[in-house]
Amino acid sequence: MENESKNNLRFDGRTYDQLRPITFKTGIAPHSTGSVLVSFGNTQVICSAMAEKKVPNWMASQATTKGWMSAEYAMLPYATLTRKQRASSANKVDGRSVEIQRLIGRAMRAVADLEKIPGYTLWIDCDVLQADGGTRTASISGAYVAAKIAIAKLIASGEIQEDPFIDSVAAVSVGMCDGRAVLDLPYVEDKDADVDANVVMTGSAKFVEVQMSGEEATFDGEQLSELLALAKKGIGEIIQLQNQAIQEGLK
């Protein structure tokens, strides 16, 4: 029985359905309205939220009463084993970063009533300090914490009147590795996974987005259901950690 249990462990000693150690350290950026250093194992991302009394031009031209939430995402040059060139040096943002920052923005707006922040844009900045798989899922999970703290402070200062968030949101990666569904993949598992997925869900267990693909492989409906159930379990645990961090960040 002991050998069987050991065979079910992953390279880092986790079971297939176990998250990496996850922490949220709030107040990491003193000049930001809300900030957090989120760690999913060795992946570390600083997430910041700040409000600007302005909306995008396309919204302003429509004379809308809504506000907006938007995100920017970047990997710092030293986040990976080989240096990554800054977007400012390359004179453009790479396609992967654009995709991820749009995903973060969609995730935030999916759980927000933008009518409650009229005339404001809430900017979410996610900067990856260290990348070891799951940077987008860590960014989304940290972005929500930073945003909730920022909103609470904006309400306290009288800049806005109501909390626009109608639900919470978090994200996690899942994948098929050696025929088994596993939760929260670091890079060493992610790079060899047969199926790779990023799942974004709300606190009420509704899907915001599912990004899933086979890596020179296919998957069936049973595996899809198994992966989504695993993601739901992990996100439920992450949301508990988010709530604790938000409470701590507002003390």
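These numbers were taken from a predicted model, which means no experiment stands behind them.

**Focus: the pairing of strand β8 (residues 195-202)**
Regular strands place side chains that alternate from one sheet face to the opposite one.
Here is step 1 of the chain: Burial analysis of β8 places eight of its eight residues in the buried class, the great majority of the element.
Here is step 2 of the chain: The side-chain alternation of β8 yields two buried faces, one formed by Val 195, Ala 197, Val 199 and Met 201 and the other by Asp 196, Asn 198, Val 200 and Thr 202.
Here is step 3 of the chain: Bridging between strand β6 (residues 169-177) and β8 involves eight bridges; their strand directions are antiparallel. From the neighbouring strand, Met 176 faces β8, where its bridge partner is Val 195.
Here is step 4 of the chain: Judged from the seven bridges that link them, β8 and strand β9 (residues 207-214) form a sheet pairing that is antiparallel. Across the sheet, residue Met 201 finds its bridge partner in β9, namely Phe 207.
Here is step 5 of the chain: If you look at the hairpin formed by β8 and β9, you'll find four residues sitting between the two strands, and Ala 205 has a positive phi there, around 65°.

**Points about the nonpolar core**
Here is step 1 of the chain: Core analysis: the biggest nonpolar cluster contains 66 residues, and Ile 104, Met 108 and Ile 124 have the highest contact counts within it.
Here is step 2 of the chain: No other element matches the eleven residues that helix α5 (residues 135-156) contributes to this core.
Here is step 3 of the chain: Aside from chain neighbours lying at most four places away, what touches Met 108 is Met 69, Ile 124, Ile 140, Ala 143, Tyr 144, Phe 165 and Val 169.

**Regarding a negative patch on the surface**
Here is step 1 of the chain: Among the surface-exposed residues, Asp 178, Asp 194, Glu 215 and Glu 216 lie close enough to one another that they form a single negatively charged patch.
Here is step 2 of the chain: Tracing the sequence through the fold places Asp 178 in the loop between β6 and β7 (180-183).

**Quick word on the sheet that holds strand β1 (residues 22-26)**
Here is step 1 of the chain: Pairing within the open sheet is mixed, and its five strands lie in the order β1-β2-β3-β5-β4. If you trace the sheet from one side to the other, it starts and ends with β1 and β4 (68-75), each paired once. The average angle at which neighbouring strand axes cross in this sheet is 20°, direction not considered.
Here is step 2 of the chain: Where β4 meets strand β5 (residues 121-130), eight bridges bridge the pair, whose relative direction is parallel. What sits directly across from Ala 71, in β5, is Ile 124.
Here is step 3 of the chain: Lying on the sheet, α5 is in contact with β1, β2 (34-40), β3 (43-52), β4 and β5; it crosses β3 at an angle near 35°.

**A few points about helix α7 (residues 221-249)**
Here is step 1 of the chain: Over its 29 residues, α7 extends 41 Å from the first C-alpha to the last, a length consistent with the 42 Å expected when each residue adds 1.5 Å.
Here is step 2 of the chain: Among the residues of α7, those classed as buried are Leu 227, Leu 228, Leu 230, Ala 231, Gly 234, Ile 235, Ile 238, Ile 239, Gln 242, Ala 245, Ile 246 and Gly 249.
Here is step 3 of the chain: If you check the start of α7, you find a side-chain oxygen 3.2 Å away from the backbone N of Glu 222, and it comes from Asp 220.

**Describing the pattern of salt bridges**
Here is step 1 of the chain: Scanning the model with the defined rule gives twelve salt bridges in all.
Here is step 2 of the chain: With its nearest N and O atoms 2.9 Å apart, the salt bridge here joins Arg 20 to Asp 184. Taken together, the residues Arg 20 in the loop between α1 (2-7) and β1 and Asp 184 in the loop between β7 and α6 (187-190) connect sequence positions 164 residues apart. Comparing Arg 20 with Asp 184, the two get one shared label, buried.
Here is step 3 of the chain: For Glu 209, the salt bridge identified is with Arg 106, shortest N-O distance 2.8 Å. Taken as a pair, Glu 209 in strand β9 and Arg 106 in helix α4 (residues 95-110) lie far apart in primary sequence, 103 residues in all.

**Digging into unusual backbone geometry**
Here is step 1 of the chain: Even without being glycine, Asp 178 reaches a positive phi, approximately 55°.
Here is step 2 of the chain: Positive phi is not limited to glycine here, since Ala 205 has a value of about 65°.
Here is step 3 of the chain: Its location among the elements puts Ala 205 in the loop between β8 and β9.
Here is step 4 of the chain: Residue Ala 205 is classed as partly exposed on the basis of its relative accessible area, which comes to 34%.

**What to know about the sheet that holds β6**
Here is step 1 of the chain: Across the sheet, four strands lie side by side as β7-β6-β8-β9; this open sheet has antiparallel pairing. Since the sheet does not close on itself, it has two edges, and those belong to β7 and β9, each with one partner. Strand-to-strand, the axes of this sheet are offset by a mean angle of 20°, without reference to chain direction.
Here is step 2 of the chain: Where β6 meets β7, four bridges bridge the pair, whose relative direction is antiparallel. Looking at β7, one finds that Cys 177 is bridged to Arg 180.
Here is step 3 of the chain: Contacting β6, β8 and β9, α4 crosses the sheet at an angle of about 150° to β9.
Here is step 4 of the chain: Packing against the sheet, α7 makes contact with β6, β7, β8 and β9, and its axis sits at approximately 140° to β6.

Calculation notes
Residues numbered from 1 in each chain as written. Predicted model: local features only at pLDDT ≥ 70, side-chain atom pairs only at ≥ 80, totals over all residues. Heavy atoms only, no water. Buried < 20%, exposed > 50% of the residue type's maximum accessible area, 1.4 Å probe, protein only. Helix = DSSP H or I, 4+ residues; strand = E, 2+ residues; numbered from the N terminus. Pairing = 2+ DSSP bridges. Core = buried A, V, L, I, M, F, W, Y, C linked by side-chain atoms within 4.5 Å. Contact = heavy atoms within 4.5 Å. Patch = residues over 30% accessible without salt bridge, like charges linked within 9 Å, V, L, I, M, F, W, Y side chains within 5 Å. Areas by Shrake-Rupley, 256 points an atom, 1.4 Å probe, with all protein chains shown as cover. Salt bridge = Lys/Arg side-chain N within 4 Å of Asp/Glu carboxyl O. Lys, Arg positive; Asp, Glu negative; His and termini not counted. Charge placed at Lys NZ, Arg CZ, Asp CG, Glu CD. Axes fitted to C-alpha atoms, helices over the stretch in contact; angles between N-to-C directions. Expected span 1.5 Å × (residues − 1). Polar contact = N/O pair within 3.5 Å; in protein donor to acceptor, adjacent residues only side chain to side chain.

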